[in-house]
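Geometric and topological summary
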Amino acid sequence: MLCCGKFTFTLDRPLIMGIVNVTPDSFSDGGRLKNVRQAVDHALHLVEQGADILDVGGESTRPGAEAVSEADELKRVLPVVEALQKEGLVISVDTRKPGVMREVIHAGAAMINDVMALREPGAVELVADSDLAVCLMHMKGEPRTMQSNPAYSDVLSEVRDFLAGRINACEQAGIAKNRLVIDPGFGFGKTLEHNLALLRHLNRLTDLGVPVLAGMSRKSMLGTLTGKPVEQREHAGIAAHLAAVLRGAAILRVHDVEAMRDALMVWQAIEGAGTSEP
Ligand code: YH5
(Lines give C-alpha, C1' and ligand atoms only; values in the text may rest on other atoms or scores of the structure.)
Protein backbone atom coordinates (compact mmCIF):
# COMPACT_ATOMS: atom_id res chain seq x y z
CA MET A 1 0.00 0.00 0.00
CA LEU A 2 1.23 3.47 -0.90
CA CYS A 3 -0.24 6.58 0.73
CA CYS A 4 0.05 9.82 -1.27
CA GLY A 5 -1.85 12.66 0.36
CA LYS A 6 -5.57 11.98 -0.05
CA PHE A 7 -4.91 9.06 -2.41
CA THR A 8 -3.89 5.46 -1.72
CA PHE A 9 -2.71 2.75 -4.10
CA THR A 10 -3.00 -0.96 -3.29
CA LEU A 11 -0.11 -1.81 -5.66
CA ASP A 12 -1.81 -5.00 -6.85
CA ARG A 13 -0.71 -4.02 -10.37
CA PRO A 14 2.18 -1.91 -11.66
CA LEU A 15 1.41 1.82 -11.83
CA ILE A 16 2.29 4.11 -14.72
CA MET A 17 3.78 7.49 -13.89
CA GLY A 18 3.54 9.73 -16.97
CA ILE A 19 6.29 12.32 -17.46
CA VAL A 20 5.16 15.95 -17.87
CA ASN A 21 8.01 18.33 -18.65
CA VAL A 22 7.40 22.04 -18.15
CA THR A 23 10.49 23.49 -19.75
CA PRO A 24 10.64 26.40 -22.18
CA ASP A 25 10.27 25.22 -25.73
CA SER A 26 13.52 26.11 -27.41
CA PHE A 27 12.11 26.67 -30.91
CA SER A 28 9.27 29.17 -30.65
CA ASP A 29 9.07 30.63 -27.20
CA GLY A 30 5.42 31.52 -27.00
CA GLY A 31 5.83 32.60 -23.39
CA ARG A 32 5.23 31.01 -20.03
CA LEU A 33 1.47 30.77 -20.42
CA LYS A 34 1.86 28.71 -23.55
CA ASN A 35 4.32 26.33 -21.89
CA VAL A 36 1.92 25.86 -18.99
CA ARG A 37 -1.04 25.25 -21.28
CA GLN A 38 0.93 22.73 -23.35
CA ALA A 39 2.03 20.85 -20.24
CA VAL A 40 -1.52 20.65 -18.87
CA ASP A 41 -2.89 19.46 -22.23
CA HIS A 42 -0.15 16.86 -22.46
CA ALA A 43 -0.84 15.67 -18.91
CA LEU A 44 -4.56 15.24 -19.63
CA HIS A 45 -3.67 13.25 -22.74
CA LEU A 46 -1.42 10.97 -20.67
CA VAL A 47 -4.29 10.35 -18.24
CA GLU A 48 -6.53 9.32 -21.16
CA GLN A 49 -3.79 6.90 -22.20
CA GLY A 50 -3.73 5.31 -18.75
CA ALA A 51 -1.31 7.23 -16.53
CA ASP A 52 -2.00 6.65 -12.81
CA ILE A 53 0.33 9.42 -11.62
CA LEU A 54 1.63 12.53 -13.42
CA ASP A 55 5.24 13.54 -12.73
CA VAL A 56 5.58 17.28 -13.30
CA GLY A 57 9.13 18.60 -13.67
CA GLY A 58 10.46 22.10 -14.34
CA GLU A 59 14.19 21.44 -14.08
CA SER A 60 16.13 19.26 -16.46
CA THR A 61 18.41 16.87 -14.57
CA ARG A 62 19.83 15.45 -17.77
CA PRO A 63 23.60 15.15 -17.71
CA GLY A 64 25.11 18.58 -18.34
CA ALA A 65 21.84 20.55 -18.16
CA GLU A 66 21.75 24.20 -16.99
CA ALA A 67 20.66 24.94 -13.43
CA VAL A 68 17.26 26.60 -12.95
CA SER A 69 16.49 29.15 -10.21
CA GLU A 70 13.87 28.34 -7.61
CA ALA A 71 11.73 31.26 -8.79
CA ASP A 72 11.80 30.10 -12.42
CA GLU A 73 11.09 26.49 -11.49
CA LEU A 74 8.10 27.57 -9.40
CA LYS A 75 6.74 29.78 -12.19
CA ARG A 76 6.78 26.76 -14.48
CA VAL A 77 5.57 24.03 -12.16
CA LEU A 78 3.09 25.63 -9.76
CA PRO A 79 0.39 26.64 -12.29
CA VAL A 80 0.52 23.14 -13.81
CA VAL A 81 0.13 21.48 -10.39
CA GLU A 82 -2.76 23.81 -9.54
CA ALA A 83 -4.59 23.09 -12.79
CA LEU A 84 -4.17 19.30 -12.62
CA GLN A 85 -5.01 19.14 -8.92
CA LYS A 86 -8.39 20.73 -9.68
CA GLU A 87 -9.09 17.78 -11.99
CA GLY A 88 -8.60 15.38 -9.07
CA LEU A 89 -5.43 13.85 -10.53
CA VAL A 90 -2.50 12.32 -8.63
CA ILE A 91 0.39 14.74 -9.09
CA SER A 92 4.04 14.04 -8.38
CA VAL A 93 6.56 16.86 -8.63
CA ASP A 94 10.11 16.13 -9.79
CA THR A 95 12.19 18.62 -7.79
CA ARG A 96 15.19 18.74 -5.47
CA LYS A 97 14.49 22.23 -4.10
CA PRO A 98 12.87 22.49 -0.65
CA GLY A 99 11.37 25.87 -1.63
CA VAL A 100 9.57 24.25 -4.55
CA MET A 101 8.49 21.31 -2.38
CA ARG A 102 6.89 23.67 0.16
CA GLU A 103 4.76 25.39 -2.48
CA VAL A 104 3.62 22.29 -4.33
CA ILE A 105 2.73 20.52 -1.07
CA HIS A 106 0.47 23.50 -0.35
CA ALA A 107 -0.92 23.41 -3.91
CA GLY A 108 -2.17 19.83 -3.61
CA ALA A 109 0.57 17.58 -4.99
CA ALA A 110 0.41 13.95 -3.82
CA MET A 111 4.08 12.98 -4.17
CA ILE A 112 7.54 14.54 -4.16
CA ASN A 113 9.93 12.87 -6.60
CA ASP A 114 13.43 13.87 -5.54
CA VAL A 115 16.56 12.78 -7.42
CA MET A 116 18.49 13.94 -4.30
CA ALA A 117 16.44 11.67 -2.00
CA LEU A 118 15.67 14.60 0.38
CA ARG A 119 19.34 15.33 1.11
CA GLU A 120 18.96 19.12 0.71
CA PRO A 121 18.74 20.88 4.11
CA GLY A 122 15.15 21.09 5.32
CA ALA A 123 13.70 18.71 2.71
CA VAL A 124 13.06 15.73 5.01
CA GLU A 125 11.32 17.95 7.59
CA LEU A 126 9.07 19.56 4.95
CA VAL A 127 7.86 16.21 3.67
CA ALA A 128 7.54 14.84 7.23
CA ASP A 129 5.20 17.73 8.08
CA SER A 130 2.95 16.78 5.15
CA ASP A 131 1.08 13.59 4.21
CA LEU A 132 2.64 13.27 0.76
CA ALA A 133 4.51 10.27 -0.59
CA VAL A 134 8.16 10.68 -1.59
CA CYS A 135 10.33 8.90 -4.14
CA LEU A 136 13.93 8.56 -2.92
CA MET A 137 16.31 8.17 -5.86
CA HIS A 138 19.96 7.16 -5.91
CA MET A 139 22.34 9.48 -7.74
CA LYS A 140 26.12 9.34 -7.66
CA GLY A 141 27.59 12.83 -7.88
CA GLU A 142 25.55 15.72 -9.25
CA PRO A 143 23.78 16.14 -12.60
CA ARG A 144 26.40 18.40 -14.22
CA THR A 145 29.27 15.94 -13.80
CA MET A 146 27.75 12.58 -12.81
CA GLN A 147 28.36 10.88 -16.16
CA SER A 148 32.09 11.58 -16.27
CA ASN A 149 33.56 8.20 -15.44
CA PRO A 150 31.28 6.92 -12.64
CA ALA A 151 32.89 4.07 -10.64
CA TYR A 152 31.70 1.66 -7.96
CA SER A 153 33.32 -1.29 -6.23
CA ASP A 154 29.87 -2.95 -6.10
CA VAL A 155 27.07 -0.94 -7.66
CA LEU A 156 24.28 -3.16 -6.27
CA SER A 157 25.43 -2.92 -2.65
CA GLU A 158 26.22 0.78 -2.89
CA VAL A 159 22.79 1.68 -4.29
CA ARG A 160 21.00 -0.65 -1.88
CA ASP A 161 22.89 0.68 1.17
CA PHE A 162 22.28 4.29 0.13
CA LEU A 163 18.53 3.71 -0.27
CA ALA A 164 18.32 1.76 3.01
CA GLY A 165 20.00 4.74 4.72
CA ARG A 166 17.56 7.22 3.20
CA ILE A 167 14.55 5.06 4.18
CA ASN A 168 15.97 5.10 7.70
CA ALA A 169 16.46 8.88 7.73
CA CYS A 170 12.88 9.39 6.54
CA GLU A 171 11.42 7.02 9.13
CA GLN A 172 13.46 8.74 11.88
CA ALA A 173 11.97 12.07 10.80
CA GLY A 174 8.46 10.65 11.03
CA ILE A 175 7.67 9.72 7.41
CA ALA A 176 5.80 6.40 7.60
CA LYS A 177 7.17 3.60 5.46
CA ASN A 178 3.91 3.41 3.49
CA ARG A 179 4.67 6.89 2.09
CA LEU A 180 8.07 5.90 0.67
CA VAL A 181 9.15 4.78 -2.81
CA ILE A 182 12.74 3.97 -3.81
CA ASP A 183 14.48 4.18 -7.18
CA PRO A 184 17.97 3.05 -8.32
CA GLY A 185 18.24 6.15 -10.53
CA PHE A 186 19.02 4.70 -13.96
CA GLY A 187 21.50 6.95 -15.75
CA PHE A 188 22.36 9.07 -12.72
CA GLY A 189 26.10 8.49 -12.33
CA LYS A 190 26.02 5.06 -13.99
CA THR A 191 27.55 3.41 -17.03
CA LEU A 192 25.56 1.05 -19.25
CA GLU A 193 27.01 -1.89 -17.29
CA HIS A 194 25.93 -0.34 -13.97
CA ASN A 195 22.42 0.26 -15.31
CA LEU A 196 22.12 -3.29 -16.60
CA ALA A 197 23.36 -4.80 -13.33
CA LEU A 198 20.79 -2.72 -11.40
CA LEU A 199 18.00 -3.79 -13.74
CA ARG A 200 19.06 -7.45 -13.77
CA HIS A 201 19.06 -7.52 -9.95
CA LEU A 202 16.26 -5.06 -9.26
CA ASN A 203 14.67 -7.58 -6.86
CA ARG A 204 17.56 -6.90 -4.47
CA LEU A 205 15.88 -3.54 -3.86
CA THR A 206 12.30 -4.80 -3.51
CA ASP A 207 13.22 -6.62 -0.29
CA LEU A 208 13.82 -3.25 1.43
CA GLY A 209 10.05 -3.31 1.90
CA VAL A 210 9.01 -0.21 -0.05
CA PRO A 211 7.75 -0.02 -3.64
CA VAL A 212 10.44 0.32 -6.32
CA LEU A 213 10.12 2.85 -9.14
CA ALA A 214 12.00 2.33 -12.42
CA GLY A 215 12.65 5.15 -14.88
CA MET A 216 14.53 4.37 -18.07
CA SER A 217 12.28 6.05 -20.63
CA ARG A 218 14.25 7.42 -23.63
CA LYS A 219 17.50 7.34 -21.65
CA SER A 220 20.89 6.91 -23.26
CA MET A 221 21.27 3.31 -22.03
CA LEU A 222 18.50 2.46 -24.53
CA GLY A 223 20.27 4.49 -27.21
CA THR A 224 23.51 2.62 -26.60
CA LEU A 225 21.77 -0.77 -26.79
CA THR A 226 19.77 -0.02 -29.96
CA GLY A 227 21.88 2.62 -31.70
CA LYS A 228 18.78 4.83 -31.93
CA PRO A 229 18.30 8.56 -31.21
CA VAL A 230 16.13 9.75 -28.33
CA GLU A 231 12.92 10.03 -30.39
CA GLN A 232 13.12 6.35 -31.48
CA ARG A 233 13.57 4.61 -28.14
CA GLU A 234 9.93 3.81 -27.34
CA HIS A 235 10.06 0.05 -28.07
CA ALA A 236 13.34 -0.37 -26.24
CA GLY A 237 11.82 1.40 -23.26
CA ILE A 238 8.86 -0.98 -23.16
CA ALA A 239 11.21 -3.98 -23.07
CA ALA A 240 13.30 -2.45 -20.29
CA HIS A 241 10.32 -1.45 -18.13
CA LEU A 242 8.62 -4.83 -18.59
CA ALA A 243 11.86 -6.49 -17.45
CA ALA A 244 11.71 -4.23 -14.38
CA VAL A 245 8.11 -5.33 -13.67
CA LEU A 246 9.19 -8.98 -13.87
CA ARG A 247 11.74 -8.18 -11.15
CA GLY A 248 9.22 -6.51 -8.88
CA ALA A 249 9.02 -2.85 -9.96
CA ALA A 250 5.80 -1.23 -8.70
CA ILE A 251 5.87 2.10 -10.58
CA LEU A 252 7.16 2.86 -14.09
CA ARG A 253 8.13 6.45 -14.96
CA VAL A 254 7.63 6.77 -18.71
CA HIS A 255 6.99 9.25 -21.52
CA ASP A 256 5.17 6.70 -23.71
CA VAL A 257 2.16 5.87 -21.56
CA GLU A 258 -0.06 4.23 -24.18
CA ALA A 259 2.57 1.71 -25.27
CA MET A 260 3.46 0.91 -21.66
CA ARG A 261 -0.18 0.41 -20.79
CA ASP A 262 -0.69 -2.04 -23.69
CA ALA A 263 2.37 -4.03 -22.65
CA LEU A 264 1.13 -4.23 -19.05
CA MET A 265 -2.35 -5.37 -20.15
CA VAL A 266 -0.81 -8.27 -22.07
CA TRP A 267 1.54 -9.13 -19.20
CA GLN A 268 -1.29 -9.03 -16.63
CA ALA A 269 -3.49 -11.28 -18.78
CA ILE A 270 -0.68 -13.85 -18.97
CA GLU A 271 0.08 -13.48 -15.28
CA GLY A 272 -3.63 -13.89 -14.53
CA ALA A 273 -3.65 -11.64 -11.50
CA GLY A 274 -6.66 -12.47 -9.37
CA THR A 275 -7.83 -15.48 -11.40
CA SER A 276 -7.37 -19.17 -10.70
CA GLU A 277 -6.00 -21.59 -13.28
CA PRO A 278 -8.73 -22.77 -15.70
C1 YH5 B 1 14.35 8.68 -12.70
O2 YH5 B 1 14.94 7.77 -13.29
N3 YH5 B 1 14.81 10.64 -14.26
S4 YH5 B 1 14.84 13.21 -15.24
C5 YH5 B 1 17.93 11.71 -20.06
C6 YH5 B 1 17.29 11.29 -21.22
C7 YH5 B 1 15.94 11.00 -21.21
C8 YH5 B 1 15.22 11.16 -20.03
C9 YH5 B 1 17.67 11.55 -23.52
N10 YH5 B 1 13.73 12.14 -13.04
C11 YH5 B 1 14.30 10.03 -13.16
O12 YH5 B 1 13.97 11.40 -17.51
N13 YH5 B 1 12.98 10.67 -11.27
C14 YH5 B 1 14.46 11.93 -14.13
O15 YH5 B 1 18.09 11.11 -22.30
C16 YH5 B 1 13.62 10.96 -12.41
N17 YH5 B 1 13.70 8.42 -11.52
C18 YH5 B 1 13.03 9.39 -10.83
N19 YH5 B 1 12.42 9.06 -9.70
C20 YH5 B 1 15.85 12.43 -16.50
C21 YH5 B 1 15.11 11.80 -17.62
C22 YH5 B 1 15.87 11.62 -18.88
C23 YH5 B 1 17.22 11.88 -18.92
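Computed from a predicted model, the values in this text were never measured in an experiment.

Moving on, we get to the packing of aromatic side chains. According to the stated counting rule, one finds zero aromatic pairs in the structure shown. A cation over an aromatic ring shows up here: Lys140 above the ring of Tyr152, its NZ or CZ 4.6 Å from the ring centre.

Turning our eyes to something else, we now look at the packing of helix 2 (residues 70–86) against helix 3 (residues 98–106). As a packed pair, helix 2 and helix 3 sit with axes 10 Å apart at the nearest point and diverge in direction by 20°. Here helix 2 is positioned roughly parallel relative to helix 3, judged by the angle of their axes. Crossing geometry of helix 2 relative to helix 3 is assigned as right-handed. In this structure, helix 2 contributes Glu70, Glu73, Leu74, Val77, Leu78 and Val81 to the contact, and helix 3 contributes Gly99, Val100, Glu103 and Val104. When the residues that make up the contact of helix 2 with helix 3 are grouped by side-chain class, the tally is six nonpolar, one polar and three charged.

As enumerated under the stated definition, the model contains zero disulfides in all. The thiol sulfur of Cys4 is not disulfide-bonded, and the nearest other cysteine sulfur, from Cys3, lies at 7.4 Å. Overall, Cys4 belongs to the buried group, its relative accessible area being 0%. Left unpaired, Cys170 is separated from the closest cysteine sulfur, that of Cys135, by 11 Å. By relative accessible area, which is 0% here, Cys170 ends up buried.

Taken together, 17 residues form the shell around the ligand, and within it Asp94, Asn113, Asp183, Lys219 and Arg253 come nearest. Asn113 has a polar side-chain atom sitting 2.7 Å from a nitrogen atom of the ligand. Between Gly215 and the ligand, the recorded distance is 3.2 Å, taken from a backbone N or O atom to an oxygen atom. Expressed as a share of its isolated accessible area of 510 Å², the protein-covered part of the ligand is 90%.

So, how was this worked out
Position labels on residues start from 1 in each chain and follow its written sequence. Thresholds applied to this predicted model are a pLDDT of at least 70 for local features of residues and 80 or more for the giving and counting of side-chain atom pairs; totals over whole chains, interfaces and linings are not thresholded and use all residues. Each side-chain value is worked out from all heavy atoms of the structure, with water and hydrogens disregarded. Centres within 6.5 Å are what make two rings of Phe, Tyr or Trp a pair, Trp counting through its six-membered ring; a difference in plane orientation under 30 degrees is then read as stacked, over 60 as edge-to-face, and the rest as tilted. By the criterion adopted, a ring carries a charge over it if an Arg CZ or a Lys NZ lies within 6 Å of its centre and within 35 degrees of its normal. A fitted line through C-alpha atoms serves as each axis, taken over the contacting stretch for helices, and the angle formed by two N-to-C directions is quoted from 0 to 180°. A run of H or I in DSSP counts as a helix once it spans at least four residues, and a run of E counts as a strand once it spans at least two, with each numbered from the N terminus. Between 65 and 115 degrees an angle is taken as roughly perpendicular, under 35 as roughly parallel, over 145 as roughly antiparallel, and anywhere else as oblique. By definition, any crossing whose near helix is turned counterclockwise from its far helix by less than a right angle is left-handed, and any crossing with a clockwise turn is right-handed. Here a residue-residue contact requires only that any non-hydrogen atoms of the pair lie within 4.5 Å. We call Asp, Glu, Lys and Arg charged. Ala, Val, Leu, Ile, Met, Phe, Trp, Tyr, Cys and Pro are nonpolar, and the rest, Gly among them, are polar. Note on disulfides: each one is a pair of cysteine sulfur atoms within 2.5 Å. Relative accessible area decides the class of each residue, using a 1.4 Å probe on protein chains only: under 20% of the type maximum gives buried, over 50% gives exposed, and in between gives partly exposed. Nearness of a residue to a molecule or strand requires only that one of the residue's heavy atoms be within 4 Å of it. Under this definition, polar contacts are N or O atom pairs within 3.5 Å; protein pairs additionally need one hydrogen-donor-capable and one acceptor-capable atom, and for neighbouring residues in sequence, both atoms have to be side-chain atoms. In these tables, accessible area is a Shrake-Rupley quantity obtained with a 1.4 Å probe, and a residue counts as shielded only by the protein chains included in the view.

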